[in-house]
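# Structural overview
In case you want the letters, here they are:
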Amino acid sequence: EDQVTQSPEALRLQEGESSSLNCSYTVSGLRGLFWYRQDPGKGPEFLFTLYSAGEEKEKERLKATLTKKESFLHITAPKPEDSATYLCAVQGVKGYQKVTFGTGTKLQVIP
Amino acid sequence: DSGVTQTPKHLITATGQRVTLRCSPRSGDLSVYWYQQSLDQGLQFLIQYYNGEERAKGNILERFSAQQFPDLHSELNLSSLELGDSALYFCASSPRHDLDTQYFGPGTRLTVL
């Protein structure tokens, strides 16, 4: 069964203090790994899709990287508006279309 | 705004009752996905429809069912409701049948008393 573990569960950063969120996964053949941002009481907002080890994608202050066992979401010089829960999800080659989500990392950026 | 709409926004009902949640995908998207998000379990994939046909099933209970109509909107029916069914229910859409980018709606918060 596909598994996704995110760490830390919660992270508190000062504005401008860079850090990384971790997503460890177990899947029998990775079809795609996804990062989402979710604000309280709202639907997840798509950030990135990564398909193969070594792939990297960037968007503003966020950069996602992928290895065969984990993905990192690097946040450079975060701002208070980056405060949210960041979700990681994987889709395996088997279990067509089934997406498994992690429980997320709750990020708080303090001014 | 993702372009995905869900109604109602909030729903309060009693155990044993039946409710219907509605989702309209983004214009042009053929796939609709349903998810349940509870505090203790995170986001759980329930079911996917593509162009009116069931495409994939996840952790959906037998008491739950869904369908996608010719105009591509989708409904999730929850019956014989239990306290544990209280959760946020999200709908997402994507352009194709294979998973790429999903756009999530704002969700329906279901409270079962």
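Right above here is the structure, for reference.
Here is a short report on the structure shown in this document.

## A short note on the interface of chain A and chain B
Listed as interface residues are 18 residues of chain A and, on the opposing side, 19 residues of chain B. Across the chain A/chain B interface, buried area totals approximately 1,600 Å², and carbon plus sulfur atoms make up 56% of it. For the pair chain A and chain B, the interface holds 0 salt bridges. Going through the elements one at a time, β4 (30–38), β5 (45–50), β9 (84–92) and β10 (99–101) of chain A are the ones with two or more residues in the side of chain A that touches chain B. By residue class, the composition of the side of chain A that touches chain B is 9 nonpolar, 6 polar and 3 charged.

## Comments concerning the packing of aromatic side chains
This model, assessed by the stated rule, comprises 9 aromatic pairs over all chains. Measuring from ring centre to ring centre gives 5.4 Å for Tyr36 of chain A and Phe104 of chain B, while their planes differ by 85°; the resulting arrangement is edge-to-face. Of this pair, Tyr36 of chain A sits in strand β4 while Phe104 of chain B sits in strand β10 (residues 103–104), each in a different chain. Aromatic side chains Phe64 of chain B and Tyr89 of chain B sit 6.5 Å apart centroid to centroid with 70° between the ring planes, which places their arrangement in the edge-to-face category. Taken together, the residues Phe64 of chain B in strand β7 (residues 64–68) and Tyr89 of chain B in strand β9 (residues 87–94) connect sequence positions 25 residues apart. Taken as a pair, Phe64 of chain B and Tyr89 of chain B share a single burial class, namely buried. Every member of this aromatic cluster is reached through a ring pair, and the members are Tyr36, Phe46 and Phe101 of chain A together with Tyr35, Phe45, Phe90 and Phe104 of chain B.

## So, the state of the cysteines
For the structure shown, the criterion picks out 2 disulfides over all chains. Each sulfur of the disulfide joining Cys23 of chain A and Cys88 of chain A lies 1.9 Å from the other. Here the S-S torsion is close to -60°, and the disulfide linking Cys23 of chain A with Cys88 of chain A is therefore left-handed. With Cys23 of chain A in strand β3 (residues 19–26) and Cys88 of chain A in strand β9, this pair connects stretches of sequence that are 65 residues apart. Two residues share a disulfide in this structure: Cys23 of chain B and Cys91 of chain B, whose sulfurs sit 1.7 Å from each other. On the sign convention where negative is left-handed, the bridge of Cys23 of chain B and Cys91 of chain B, at about -45° about the S-S bond, is left-handed. With Cys23 of chain B in strand β3 (residues 19–24) and Cys91 of chain B in strand β9, this pair connects stretches of sequence that are 68 residues apart. By the burial criterion, Cys23 of chain B is buried, and Cys91 of chain B matches it.

Criteria and thresholds
The numbering scheme is per chain: residues are counted from 1 as the chain's sequence reads. Note on labels: chains are lettered from A, ligands numbered from 1, in written order. The predicted nature of this model means local features are confined to residues of pLDDT at least 70 and side-chain atom pairs, given and counted, to a pLDDT of 80 or more, with totals for whole chains, interfaces and linings taken over all residues. Excluded from the side-chain calculation are hydrogens and water; included are all heavy atoms of the structure. We call two residues in contact whenever any of their non-hydrogen atoms come within 4.5 Å of each other. Note on terms: buried area is the combined drop in 1.4 Å-probe accessible area of two parts once they are placed together, counting the loss on both. Any carboxyl oxygen of Asp or Glu that lies within 4 Å of a side-chain nitrogen of Lys or Arg is treated as forming a salt bridge with it. Runs of H or I in DSSP of at least four residues are treated as helices and runs of E of at least two as strands, each being numbered from the N terminus. Amino acids outside the nonpolar list (Ala, Val, Leu, Ile, Met, Phe, Trp, Tyr, Cys, Pro) and the charged list (Asp, Glu, Lys, Arg) are all regarded as polar, and Gly is one of them. Aromatic rings from Phe, Tyr and Trp, with only the six-membered ring used for Trp, were paired whenever their centres fell within 6.5 Å, and each pair was classed as stacked if the ring planes differed by under 30 degrees, edge-to-face if by over 60, and tilted otherwise. Exposed residues in this analysis have more than 50% of their type's maximum accessible area, buried residues have under 20%, and partly exposed residues fall in between, with area computed by a 1.4 Å probe over protein chains only. The disulfide criterion used throughout: a pair of cysteine sulfur atoms within 2.5 Å.

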